[in-house]
Amino acid sequence: QVQLVESGGGLVQAGGSLSLSCAASGRTFSTYFMGWFRQAPGKEREFVATIRWSGGSTRYADSVKGRFTISRDNAKNTVYLQMNSLKSEDTAVYYCAADQRHWGYTIATMSGAAMYDYWGQGTQVTVSS
């Protein structure tokens, strides 16, 4: 079992920045990918970014490319999401997720929520225009 706890959400004006953190605990040594997803009211959960835990390669949704940066600190078992140039359409609950099944998969295949095994409780990000 892996436990994930997000933090860092809040209210920010359009054009501003926020940094989210996701601390993992438990059986983290078998983690292959960590991802960020978001869900706005009335919408489906959507992919934001993912990172390969060993090696650090990354992949982003087109909607956040160039504005968001995912990173990780293996020693702290923590993944981060730096969000810059925020827009009102970025308003959502942001979730981090961990995958422990897809060793050897290409990062391009890791944008689906079903690929992940464990989820955090989410943190609200609200961008005011």
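For the structure, see preceding data.
The paragraphs below set out a description of the structure included in this document. (Residues numbered from 1 in each chain as written. Predicted model: local features only at pLDDT ≥ 70, side-chain atom pairs only at ≥ 80, totals over all residues. Heavy atoms only, no water.)

Thoughts on the overall build of the protein
Logical step 1: Secondary structure assignment for the protein yields zero helices and 11 strands.
Logical step 2: Here the protein has a C-alpha radius of gyration of 14 Å; the compact-globule value for 129 residues is 14 Å, and the two agree.
Logical step 3: With the principal axes as the frame, the protein shows a C-alpha extent of 40 × 25 × 25 Å.
Logical step 4: Across the 129 residues in the protein, those meeting the buried criterion constitute 43%.
Logical step 5: Across the protein, the fraction of contacts at a sequence separation of at least 24, relative to all contacts at a separation of at least 6, is 58%.
Logical step 6: Counting every atom, the protein has about 6,400 Å² of accessible surface; 49% of that belongs to carbon and sulfur.
Logical step 7: The protein carries 12 positive and 9 negative side-chain charges, and their two centres are separated by 4 Å. (Helix = DSSP H or I, 4+ residues; strand = E, 2+ residues; numbered from the N terminus. Rg over C-alpha atoms; globule rule 2.2 N^0.38 Å. Buried < 20%, exposed > 50% of the residue type's maximum accessible area, 1.4 Å probe, protein only. Contact = heavy atoms within 4.5 Å. Areas by Shrake-Rupley, 256 points an atom, 1.4 Å probe, with all protein chains shown as cover. Lys, Arg positive; Asp, Glu negative; His and termini not counted. Charge placed at Lys NZ, Arg CZ, Asp CG, Glu CD.)

Some thoughts on the pattern of salt bridges
Logical step 1: For the structure shown, the criterion picks out five salt bridges.
Logical step 2: Among the ionic pairs, Arg 67 bridges to Asp 90, the shortest N-O distance being 2.8 Å. Of this pair, Arg 67 sits in the loop between β6 (58–60) and β7 (68–73) while Asp 90 sits in the loop between β8 (78–83) and β9 (92–99), and the two are 23 residues apart along the sequence.
Logical step 3: We classify Arg 67 as buried; its relative accessible area is 11%.
Logical step 4: Assessed through its relative accessible area of 0%, Asp 90 is described here as buried.
Logical step 5: Between Arg 101 and Asp 117 there is a salt bridge, with its nearest N and O atoms 2.3 Å apart. Pair noted here: Arg 101 is in the loop between β9 and β10 (118–119) and Asp 117 is in the loop between β9 and β10, with a separation of 16 residues, a long-range link. (Salt bridge = Lys/Arg side-chain N within 4 Å of Asp/Glu carboxyl O.)

Looking at the nonpolar core
Logical step 1: Core analysis: the biggest nonpolar cluster contains 38 residues, and Leu 4, Trp 36, Leu 81, Met 83 and Tyr 94 have the highest contact counts within it.
Logical step 2: For this core, the secondary structure elements donating two or more residues are β1 (2–7), β3 (18–26), β4 (33–39), β5 (46–52), β7, β8, β9 and β11 (123–128).
Logical step 3: The element best represented in this core is β9, accounting for five residues. (Core = buried A, V, L, I, M, F, W, Y, C linked by side-chain atoms within 4.5 Å.)

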